[in-house]
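One-letter residues, chain by chain:
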Amino acid sequence: MGNPWRGDVVLVIEGQSHVMRLTLGALAELEAGLVSGSLVDLVQRFETGAFSTRDVLALIVAGLRGGGWTGQASDLLSAEIEGGPMVAARAAAELLARAFMLPETSDGGV
């Protein structure tokens, strides 16, 4: 079970639950590997629904690495993701949203 306040998103791959998290290092690796644009461009693609499967895979890999996974993107090419591509896309979007969400304090501020 992941901790959403820490930015965790859980994805089940090959029947095993994996906690994903976009750490600063994972975000840096993600940005370095983007085919086009920056992280801001990636966020905009998700906000407008113009993201690609490559975007989803890049976010999933970055999130898995941030959660401690040591695999490669190629390891996921034939992996069974519980819920299929739609669940993977939703998890990728959630990762991105949680990575840039500001925590609220008890007085409603940041």
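See above for the structure.
About the thresholds
Residues numbered from 1 in each chain as written. Predicted model: local features only at pLDDT ≥ 70, side-chain atom pairs only at ≥ 80, totals over all residues. Heavy atoms only, no water. Helix = DSSP H or I, 4+ residues; strand = E, 2+ residues; numbered from the N terminus. Buried < 20%, exposed > 50% of the residue type's maximum accessible area, 1.4 Å probe, protein only. Phe/Tyr/Trp six-rings, centres within 6.5 Å; stacked < 30°, edge-to-face > 60°. Arc of directions from axis to C-beta. Contact = heavy atoms within 4.5 Å.

Engineer: What is the right way to read the overall build of the chain from this model?
Structural biologist: Of regular secondary structure, the chain possesses four helices and two strands. Overall, the chain shows an N-to-C arrangement of helices and strands of β-β-α-α-α-α. Overall, the C-alpha framework of the chain stretches about 45 × 30 × 25 Å when taken along its three principal axes. Considering the chain as a whole, with its 110 residues, one finds that 35% of them fall into the buried category.

Engineer: Just checking my understanding: could you explain the packing of aromatic side chains for this structure?
Structural biologist: Aromatic ring pairs: the centre-centre distance and the angle between the two ring planes describe each pair. Enumeration according to the criterion identifies one aromatic pair in this entry. Ring centres 4.4 Å apart and planes at 5 degrees place the aromatic pair Phe46 and Phe51 in the stacked group.

Engineer: Would you mind showing me how to read helix H1 (residues 24-33) here?
Structural biologist: The periodicity of an α-helix, 3.6 residues per turn, causes residues three or four positions apart to be oriented the same way. Every buried residue of H1 is listed here: Ala26, Leu27 and Leu30. The arc enclosing the buried residues of H1, seen along the axis, measures out at 100 degrees, which places them on a common side. Exposed positions of H1 whose direction lies more than 90 degrees from the buried face are Leu24 and Ala32. Looking at the buried positions of H1, the neighbouring elements they touch are helix H2 (39-48) and helix H3 (53-66).

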